[in-house]
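Here is how the chains run, residue by residue.
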Amino acid sequence: MGDKPKKSQKLKLENTGGQKEHWDDTFRLMSWWDADRVKDAKVMVVGAGALGNEVLKNLALMNVGSIFIVDFDTIEYANLCRSVLFRTEDINKNRFKCEIAGDRIKDINPNVKVQTINGDIMIDVGLGVMRRMDVIIGCLDNRIARLFINRYAYKVGKVWIDGAIENLSGQLNVYKNGKSCYECALTNVDWENIRFKMGCADIAQRNSTQGRVPTTPISSSIIAAMQVQEAIKVIHGNEKQSMAGEQFKYDGMNNWIIQFQSEPVREECDSHYEIKEEELTHAKELRSDMKIGDCLTWLEKHFDDKEISIQLNYKIILEIASMNSEISHDIVIPEPHFSDHMQTPYQKEPGEPIGITKYVDMIDKDFPNLEMTLKEVGIPPLHILTVETSEDTYFVELTGDESFLNFK
Amino acid sequence: MSNSEVMGIVVRVMPSGDELEVELPIYSTGKEIKEELLAAEVAPRVDPEGNPYVYDLIFKRKNVSIGDSKTLFDLQIQEGDTLYLAPRLVPGGK
């Protein structure tokens, strides 16, 4: 793995050895270990539950330089038995799992820099953020989030490493463009479940688990360790020994381990589009906190085209109606953010169903409120916009948000 | 070989640990085998929260999953071979 250390690197080690110890001195004894690559690496971890805790702990211990954590949840008592980073005093604090996990891994290794997003991978993380990562690790509870990570990771050409656990069992999949694809392997049964869950407007419902599926810190520590092991290979550029294109299943109760080839990638799949570097416009003038109207004007000028639209992979709700009292309301809310809590003010009676009566899945000059910012309609910082003109489709990054990526 | 020929294979079920000796037609597909095994209730169709389980049928000797449309014959599975029926797990431990 990796190249042999050059003489100059060895000298550097000897010069610092007597006066200052490195966190990873013992790892440097491994011939393949590239301390600089690991220190410079940026890794996104999606999900800070049982698997996420173990993954984060291992990344910190391995001295991975920058870690981006995404999770939308808060800590409950039931989480503590399998979450090495959480403590009893964390319960009912007005802080999110991602924030506390971030603090704790910095306690473990102060060299590690962290950035967190309390949000949903489906809508709250810009593609440009993912594009700047070396590898993405999924520690998720549901098929929808996996599907979206798969599509996003494919678009920006990143390997993503998926783990799952149940009881004393676990599994690992390493997805890499051209070798394996989560969406390609989905069955009709998976799609039925995804469509059903996508019908839930609320983020918590979409991602819900009722805590009835048993998971253990044993399986999470085993699978998370393997996820990080694979991530370290990706960071080192080690494709030869990567598990990409293979699946791993572990059954601790029966001591069974199976590694087998992933299903072949299909020719036709919605995930399969990788944005090439030459296709990407780095728009330093565009940011997520700018007004929609200003963004559209810039795009019109840039592409010299009056027929500009920004395509979305979610709906922006423009009108809702309380179904029993049949009262309609004009609103502008991205559907993935339209939580149960947000519906309450529109219910004439408690629990009254609210229906979406008008929505758009793209933004153009006819959008009802051009004064709103891109962020207010669900476009996150550093996102890559899919822009349609009268002639073609283009990809435009909100590169003006570059300072958003700020590991601390 | 004729369509009616059968062979005995071993199916190991994850995570129950059950080991079953089953007679299967050599031209039965992965989908048919899984459906028969689930119909015989050797493994649950849904998890404790009611979400569906999707299963892989894995031929360990060749480290491949028997796709829904592939047959035992296609993969040159032989008398006495072992297959694993394993769920595709979803939880990450909230």
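This is a predicted model, so every value here is computed, not measured.

Caption draft 1: Quick peek at the side chain of Thr 215 of chain A. Within the secondary structure, Thr 215 of chain A sits in the loop between α8 (203–206) and α9 (217–235). On the accessibility criterion, Thr 215 of chain A (12% relative accessible area) is buried. A distance of 2.8 Å separates a polar atom in the side chain of Thr 215 of chain A from a polar atom in the side chain of Arg 82 of chain A. In contact with Thr 215 of chain A, other than residues within four places in its own chain, are Arg 82, Ile 165, Glu 166 and Asn 167 of chain A together with Pro 91 and Gly 93 of chain B.

Caption draft 2: Layout of the confidence of the model for chain A. The pLDDT averaged across chain A works out to 92; a share of 92% of its residues lies at or above 70. pLDDT under 50 marks residues 10–17 of chain A. Its contacts with residues more than four places away, or in other chains, come to four contacts.

Caption draft 3: Just the environment of Pro 217 of chain A, in detail. All names here are of chain A. Position of Pro 217 relative to the elements: it lies in helix α9. Judged by relative accessible area, Pro 217 falls into the partly exposed class, the value being 36%. For the pair Pro 217 and Glu 183, spaced 34 residues apart in sequence, the C-alpha separation works out to 28 Å.

Caption draft 4: Focus on the sheet that holds strand β1 (residues 6–13) of chain B. Residue and element names in this part refer to chain B. One open sheet holds the five strands; their spatial order is β2-β1-β5-β3-β4, and the pairing between them is mixed. Each edge of the sheet is formed by a strand with only one pairing partner; in this case those strands are β2 (19–25) and β4 (64–65). In terms of strand pairing, β1 meets β2 through seven bridges, oriented antiparallel. Bridge assignment links Val 10 to a residue of β2, and that residue is Glu 21. Sitting on the sheet, helix α1 (residues 30–39) touches β1, β2, β3 (55–59) and β5 (82–87), and the angle it makes with β3 is about 115 degrees.

The rules behind each value
- Residues numbered from 1 in each chain as written.
- Chains lettered and ligands numbered in written order.
- Predicted model: local features only at pLDDT ≥ 70, side-chain atom pairs only at ≥ 80, totals over all residues.
- Heavy atoms only, no water.
- Helix = DSSP H or I, 4+ residues; strand = E, 2+ residues; numbered from the N terminus.
- Buried < 20%, exposed > 50% of the residue type's maximum accessible area, 1.4 Å probe, protein only.
- Polar contact = N/O pair within 3.5 Å; in protein donor to acceptor, adjacent residues only side chain to side chain.
- Contact = heavy atoms within 4.5 Å.
- pLDDT = per-residue confidence, 0-100.
- Pairing = 2+ DSSP bridges.
- Axes fitted to C-alpha atoms, helices over the stretch in contact; angles between N-to-C directions.

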